[in-house]
2 protein chains.
Amino acid sequence: MTKERITSMHGAGGEVAGKLLEELILPRLAELPSDRLGVSALDDGATLPTPRDGELVITTDSYVVKPVFFPGGDIGKLAAAGTLNDLAVMGACPTALTLAAVIEEGFLISDLERIVDSFVSELKAVGVALACGDTKVMPHGDVDGIILNTTGIGVAARAISDASIQPGDHILVTGTIGDHGMALLAARSDFHLETPLTSDVAVIWPLVEQALAVVGGVRAMKDPTRGGLAAALNEMARKADVCLEIDEASIPVRDEVRGLSELLGISHLDVANEGKAILIVDPAHAKDVLQTLREHPLGASAALIGEATTEYPGRVIVGTKVGGRRFLDMPLGDPVPRIC
Amino acid sequence: MTKERITSMHGAGGEVAGKLLEELILPRLAELPSDRLGVSALDDGATLPTPRDGELVITTDSYVVKPVFFPGGDIGKLAAAGTLNDLAVMGACPTALTLAAVIEEGFLISDLERIVDSFVSELKAVGVALACGDTKVMPHGDVDGIILNTTGIGVAARAISDASIQPGDHILVTGTIGDHGMALLAARSDFHLETPLTSDVAVIWPLVEQALAVVGGVRAMKDPTRGGLAAALNEMARKADVCLEIDEASIPVRDEVRGLSELLGISHLDVANEGKAILIVDPAHAKDVLQTLREHPLGASAALIGEATTEYPGRVIVGTKVGGRRFLDMPLGDPVPRIC
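Quick look at the structure, then. No experiment lies behind these values; they were computed from the predicted model shown.

1. A short note on the overall build of chain A
When you go through chain A residue by residue, the secondary structure sums to eight helices and 14 strands. Taken against the 2.2 N^0.38 rule, which gives 20 Å for 340 residues, the C-alpha radius of gyration of chain A at 21 Å falls within 12% of a compact globule. Counting only residues that meet the buried cut, chain A has 61% of its 340 residues in that class. Of all intrachain contacts in chain A linking residues separated by at least 6 positions in sequence, the fraction that spans at least 24 positions is 85%. Looking at chain A as shown, the accessible area adds up to about 12200 Å², and 50% of this sits on carbon and sulfur atoms. Once the 28 positive and 47 negative side-chain charges of chain A are each reduced to a mean point, those two points are 2 Å apart.

2. A closer look at the state of the cysteines
Scanning the entire structure with this criterion turns up zero disulfides over all chains. In this structure C340 of chain B is not part of a disulfide, and its nearest cysteine sulfur, from C132 of chain A, lies 16 Å away.

3. Observations regarding the packing of helix 5 (residues 205–213) of chain A against helix 8 (residues 283–295) of chain A
All names here are of chain A. Close contact between helix 5 and helix 8 brings their axes to 9 Å; oriented N to C, the two are set at 150°. If you check the angle between helix 5 and helix 8, you find them roughly antiparallel. Judged by the sense of rotation from one axis to the other, the crossing of helix 5 with helix 8 is right-handed. Taken together, the residues of helix 8 that come into contact with helix 5 (itself represented by L207, Q210 and A211) are V289, T292 and L293. Considering only residue class, the contact of helix 5 with helix 8 consists of four nonpolar, two polar and no charged.

4. Regarding the interface of chain B and chain A
Across the contact, 75 residues belong to chain B and 75 residues belong to chain A. Surface buried jointly by chain B and chain A totals about 5700 Å² across both partners, of which 57% is contributed by carbon and sulfur atoms. Linking chain B with chain A are 29 residue pairs in polar contact (both at pLDDT 80 or more), by the criterion used here. Elements with a minimum of two residues in the side of chain B that touches chain A: helix 1 (15–25), strand 1 (46–48), strand 2 (55–63), strand 5 (92–104), strand 6 (129–138), strand 7 (146–156), strand 9 (218–222) and helix 6 (228–240) of chain B. With eight residues, the single largest contributor to the side of chain B that touches chain A is strand 2 of chain B. When its residues are assigned to classes, the side of chain B that touches chain A shows 35 nonpolar, 19 polar and 21 charged. Two elements, strand 1 (residues 46–48) of chain A and strand 2 of chain B, share three bridges in a ladder whose sense is antiparallel. Each bridged residue has a counterpart across the sheet, and for L48 of chain A the counterpart in strand 2 of chain B is L56 of chain B.

5. Considering the sheet that holds strand 12 (residues 303–309) of chain B
Residues and elements named next belong to chain B. Strands sit in the order 9-11-8-12-10-13-14 across an open sheet of seven strands; the sheet is mixed. For this open sheet the edge positions go to strand 9 and strand 14 (325–327), each flanked by a neighbour on one side alone. The sheet shows a mean angle of 25° between the axes of neighbouring strands, taken without regard to direction. As paired elements, strand 8 (residues 170–173) and strand 12 share four bridges and run antiparallel to each other. Across the sheet, L172 pairs through a bridge with L304, a residue of strand 12.

6. Some thoughts on the relation of the copies chain B and chain A
Its rotation angle being 180°, the transformation that places chain B on chain A also includes 0.0 Å of axial translation and leaves an RMSD of 0.0 Å. The operation mapping one copy onto its partner corresponds to a two-fold rotation axis. Identified as the residue of chain B closest to the rotation axis by C-alpha distance is V143 of chain B, at 2.1 Å. An overlap of 100% is found between the interface residues of chain B and their copies at the interface of chain A, pointing to a shared contact surface.

7. Overview of the pairing of strand 10 (residues 243–247) of chain B
Residue and element names in this part refer to chain B. With four of five residues buried, strand 10 is to be regarded as a mostly interior element. Where strand 10 lies against strand 13 (residues 316–319), four bridges are found, and the strand directions are parallel. Of the residues in strand 13, the one forming a bridge with I246 is V318.

8. Points about the pattern of salt bridges
Here the structure, examined in full by the defined rule, presents 40 salt bridges over all chains. The residue R238 of chain B makes a salt bridge to E15 of chain A at a minimum N-O spacing of 2.9 Å. Of the two residues, R238 of chain B is situated in helix 6 and E15 of chain A in helix 1 (residues 15–25); the pairing between them involves two chains. In this structure E15 of chain A comes out as partly exposed when scored by relative accessible area, which is 26%. R254 of chain A serves as the salt-bridge partner of D179 of chain A, at 2.8 Å between the closest nitrogen and oxygen. In this pair, D179 of chain A sits in helix 4 (residues 179–187) while R254 of chain A sits in the loop between strand 10 (243–247) and helix 7 (255–264), placing the two residues 75 residues apart along the sequence. The class of D179 of chain A is buried, set by a relative accessible area of 0%. The exposure class of R254 of chain A is partly exposed, given its relative accessible area of 38%. Several salt bridges share partner residues, and in doing so they unite D61 and R226 of chain A together with D134 and K136 of chain B into one network.

9. Structural notes on helix 6 of chain B
All names here are of chain B. If you check helix 6, its first and last C-alpha atoms are 19 Å apart, about what 13 residues at 1.5 Å a residue would give, namely 18 Å. Helix 6 sits mainly inside the fold: 10 of its 13 residues count as buried. Along helix 6, the residues that are buried comprise G228, L229, A230, A231, A232, L233, N234, M236, A237 and A240. Where helix 6 is buried, its residues meet strand 8, strand 9, strand 10, strand 11 (278–281), strand 12 and strand 13. Positioned one or two residues after helix 6, D241 has a phi angle of 55°, which is positive.

10. Some remarks on the packing of helix 2 (residues 75–88) of chain A against helix 3 (residues 109–126) of chain A
Residue and element names in this part refer to chain A. Helix 3 packs onto helix 2 with a crossing angle of 35° between their chain directions and a minimal axis gap of 6 Å. Between helix 2, through I75, G76, K77, A79, A80 and L84, and helix 3, the contact on the second element is made entirely by I115, S118, F119, E122, L123 and V126. A per-class count over the contact of helix 2 with helix 3 returns eight nonpolar, two polar and two charged.

11. Quick look at the side chain of H268 of chain A
All names here are of chain A. Of note, H268 is situated in the loop between helix 7 and strand 11 (278–281). A distance of 3.3 Å separates polar atoms of two side chains, one belonging to H268 and the other to S261. Those residues in contact with H268 that sit more than four places away from it in its chain are I177, G178, M182, V253, V257 and S261.

12. Description of the packing of aromatic side chains
Scanning all chains against the criterion turns up two aromatic pairs over all chains. Relative to F327 of chain A, the ring of Y312 of chain A has its centre 5.1 Å away and its plane inclined at 80°; by these criteria the two rings are edge-to-face. With Y312 of chain A in the loop between strand 12 (303–309) and strand 13 (316–319) and F327 of chain A in strand 14 (residues 325–327), the pair connects residues that are 15 residues apart, well separated along the chain. Here the basic side chain of K136 of chain A rests over the ring of Y63 of chain B, its NZ or CZ set 5.8 Å away from the ring centre.

13. As for the sheet that holds strand 5 (residues 93–104) of chain A
What the five strands build is an open sheet, ordered 6(A)-5(A)-7(A)-2(A)-1(B); its pairing is mixed. The open sheet has two free edges, formed respectively by strand 6 (129–138) of chain A together with strand 1 of chain B, since each of these has just one partner strand. Across the sheet, the mean angle separating the axes of adjacent strands is 20° when strand polarity is ignored. Pairing between strand 2 (residues 55–63) of chain A and strand 7 (residues 146–156) of chain A: nine bridges, direction antiparallel. Counterpart to V57 of chain A in the pairing with strand 7 of chain A is G154 of chain A.

Rules and cut-offs
Residues numbered from 1 in each chain as written. Chains lettered and ligands numbered in written order. Predicted model: local features only at pLDDT ≥ 70, side-chain atom pairs only at ≥ 80, totals over all residues. Heavy atoms only, no water. Helix = DSSP H or I, 4+ residues; strand = E, 2+ residues; numbered from the N terminus. Rg over C-alpha atoms; globule rule 2.2 N^0.38 Å. Buried < 20%, exposed > 50% of the residue type's maximum accessible area, 1.4 Å probe, protein only. Contact = heavy atoms within 4.5 Å. Areas by Shrake-Rupley, 256 points an atom, 1.4 Å probe, with all protein chains shown as cover. Lys, Arg positive; Asp, Glu negative; His and termini not counted. Charge placed at Lys NZ, Arg CZ, Asp CG, Glu CD. Disulfide = S-S within 2.5 Å. Axes fitted to C-alpha atoms, helices over the stretch in contact; angles between N-to-C directions. Parallel < 35°, antiparallel > 145°, perpendicular 65-115°, else oblique. Left-handed = near helix turned anticlockwise from the far one by under 90°. Nonpolar A, V, L, I, M, F, W, Y, C, P; charged D, E, K, R; others polar. Buried area = accessible area lost by both parts, 1.4 Å probe. Polar contact = N/O pair within 3.5 Å; in protein donor to acceptor, adjacent residues only side chain to side chain. Pairing = 2+ DSSP bridges. Least-squares fit on C-alpha atoms with pLDDT ≥ 70 in both. Salt bridge = Lys/Arg side-chain N within 4 Å of Asp/Glu carboxyl O. Expected span 1.5 Å × (residues − 1). Phe/Tyr/Trp six-rings, centres within 6.5 Å; stacked < 30°, edge-to-face > 60°. Lys NZ or Arg CZ within 6 Å of the ring centre and 35° of its normal.

So, in structure tokens, the structure goes:
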């Protein structure tokens, strides 16, 4: 491993920046699809295939996670999965990503290599092209480590909005809740907690694609990232003007997550997931969709956790294990910064 | 003007983040085109119109400019113009932009409002939609001020690559060279230079569109941003494997830029422009294209500065005022960080 570090010249658009691109980035893209004028043409932009049918979908996200390497993944994997998952919950098959990096002067080039490898391997797994990229370098102290931004382009037969939920619809989650947020909290130097828990960061399109292919009936989807399950359900309830009622006991939660949640006083329902989706499904098809989810490794612990009602439109209600019921509010924010 | 500041909660995906979006961002988008599921639907992504003809073009850039407000513009205007100009030099009419902001905790909300206003007014001027966005907040000290990323989507009848230059082609620039870089250098606190010079930051699609509409003959285009005219010409010469020879005396340069260039010992050919393009044109059409450029306010000082030859393939040669000739090398990098 080289101990070379990023210098200001690597982000300055000249000879040195060109070398970084040619030596570090381009060789790593060799196995990605590239049937169009793409990143390796080193032009001002790239061309994308125009879909014959369906709708073009676009989404963008920046990633500021700390630490950059965390249990179960790193910022490269997160930057691929986070944006591809936003496409997935729109019902869109991903076709291309962009990657823009802002790097602190002095950042280890070997760390950058690991991050790019990790990013590219996620793209490879789902056959997505890197369309274009950008690198900026900021002086030491002007940014902490590295920030990535990815924009995703996909094609949906019909884009799935969050607004189409009907009373009676069933609420499914594709797996355990709270893993990413709690793994990050445990890994943060300010907590020093030892736990085998790892982030759930993963690209969920293969799982979602399978669920959509079954029999139809998926009315809305959302990936519960910042603000966790609580924020995602509240957003959906408000937008569709329905009440979403969930049963606490049926939410799949790892023991370690439950333990950390109690220890830290931070609800696992309020923290980010990076490899999960909420699916709201026509009750006639909910059983089939759940079965399909469970047949995929990424959905092995999928569960039915509740249903949409007319009781308190725009609100989320959680039924507790002891038989009570309470409102599950939109969190004010994720309890700690730089979780994703 | 409010003295309210950004807090970590504004980037945390919960109630407070929602308020920022609803109160600061959405009202400012009212006059932008939005015929599809766009940013105001607050969904996980947006849908884009699929072009009936032509090629979809995509480009991405991050903006880390310092200071955020500089003579002639600000980071909001730059984030719109920089990305729209990359589309323009691909020959693409812009259709949508994304906007992702990473903001330091404590950043003045009134400054953010000015930046968003400035960004949106550029989009309005060219009728471009804001498709989707993202906001992250980093703790005080983890990022200096604000970083923006924009991804642009456009449609080109035929995407113009940089690789199609023929020997004999004429080299045009759309206006004065070095304005942005020198204005920024002068404005940086470390220099304290007083000058009336302002950045040339501007969206050049209206100018480029007019030039493309004339008679054809535009073989390649590039916007000389980081690394300036020198970097852009060297990239084009290498990619097309031709020699590009320019005449120093015919390059339009403001007196203030020439003065600062001499004072600072930094060549105006090596620093960024943010409202200019290089056009390489079939000699049969060069006169008409130049005339058309000059008829537009953004191209009033457009000039023919040289031509492509076979002399030193991949290299750039500059003829000096006193009659000598020298290689104009690819700069190692832009001479100062955070210029764009």
